[in-house]
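Spelled out from the first residue to the last, the chains are:
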Amino acid sequence: MGALHELADKYGDRVEFLVVYIREAHPEEGWVVSNNRDQGIRINDPTTDDERRQVATACALRLKIKIPVVIDGIDDAIASAYGALPDRLYLIAPGGAVAFQGEPGPWGFDPAALEQAIDVELSSPTARPQDVPISGDETCREAGNGGVRS
Amino acid sequence: MSGKWLEKFPDDFNWRAVTPEDSPKTPEDVLSDLTMQRLGTPDVTEDGAAFDFERPLFDFSDGTERATGKTFRLLEAARSRPVALIFGSYT
């Protein structure tokens, strides 16, 4: 999270940063990766919202996440809409358009690309529409790697 | 910029080198899993409309779990300034 915390520190007065905790990419029932085992991380894929909240909490505390966090529901509605598994970065412009869609992680997880997109967005704050139709339900949707990483 | 996760494995990626022998599944299993395909394939597109969501907001910045009592709604937050979304999990 180091690079992302740096971005949040640098741009936090002009850009809102949010961690969206999603479905486990490498749970113990799935494709397990050695890096997690080496770090003592053995996570069974949560099956309820509360289980996911508990895992998200353990992750946020271990990684010392300073950025505000929301947790996708067990129906994975947010991750599904954003194709977010295993990890991914986005920038949403004022008005609700997707200004930047990062490549999927882990190889495409690129905080530097996000920063570049932020610079572009901040240099042309009125370039995007303010009335973009909402994709998906307008009401609350109850709401999945490679880890929340930098 | 809308590539799918499962199409992004580098050609020289040696998954066996990073997978313990007791892993129940392999990347090939993941590749064939429709749910995983769905979760790695975005509906939203660059320059298209964001998918709105509303979820309880948590703050772990002081080293403890703290439900803020606030609800985050994406399009409300993005009304006045850009919002950077960082998707990920523990594993």
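Structural data are supplied above this passage.
Residues numbered from 1 in each chain as written. Chains lettered and ligands numbered in written order. Predicted model: local features only at pLDDT ≥ 70, side-chain atom pairs only at ≥ 80, totals over all residues.

A. Broad picture of the pairing of strand 2 (residues 66-73) of chain B. All names here are of chain B. Here strand 1 (residues 54-59) runs beside strand 2; their pairing, made up of 5 bridges, is antiparallel. Bridging across to strand 2, glutamate 54 finds its partner in arginine 73. Between strand 1 and strand 2, which pair antiparallel in sequence order, lie 6 residues; one of them, glycine 63, sits at a positive phi of approximately 85 degrees. (Pairing = 2+ DSSP bridges. Helix = DSSP H or I, 4+ residues; strand = E, 2+ residues; numbered from the N terminus.)

B. Broad picture of unusual backbone geometry. Residue and element names in this part refer to chain A. Of the consecutive residues leucine 85 and proline 86, the connecting peptide bond is found in the cis state with omega at 0 degrees. Within the element layout of this structure, proline 86 appears in the loop between helix 4 (77-82) and strand 3 (88-92). Following glycine 105, the chain continues into proline 106 via a peptide bond in cis, with omega recorded as -5 degrees. Locating proline 106 in the fold gives a position in the loop between strand 4 (98-101) and helix 5 (111-123). Residues other than glycine seldom take positive phi values, yet lysine 64 does so here, at roughly 55 degrees. The backbone phi angle of aspartate 76 is positive, close to 60 degrees, even though this residue is not glycine.

C. Spotlight on the interface of chain A and chain B. Between chain A and chain B, the contact holds 85 residues from the first and 62 residues from the second. At the level of secondary structure, the elements contributing two or more residues to the side of chain A that touches chain B comprise strand 1 (16-21), helix 2 (34-38), helix 3 (49-62), strand 2 (69-71), helix 4, strand 3, strand 4 and helix 5 of chain A. Looking at the side of chain A that touches chain B residue by residue, the class counts come to 53 nonpolar, 17 polar and 15 charged. Note: strand 1 of chain A against strand 3 (residues 83-88) of chain B, 6 bridges, orientation parallel. Looking at strand 3 of chain B, one finds that leucine 18 of chain A is bridged to leucine 85 of chain B. (Contact = placed C-beta atoms within 7 Å. Nonpolar A, V, L, I, M, F, W, Y, C, P; charged D, E, K, R; others polar.)

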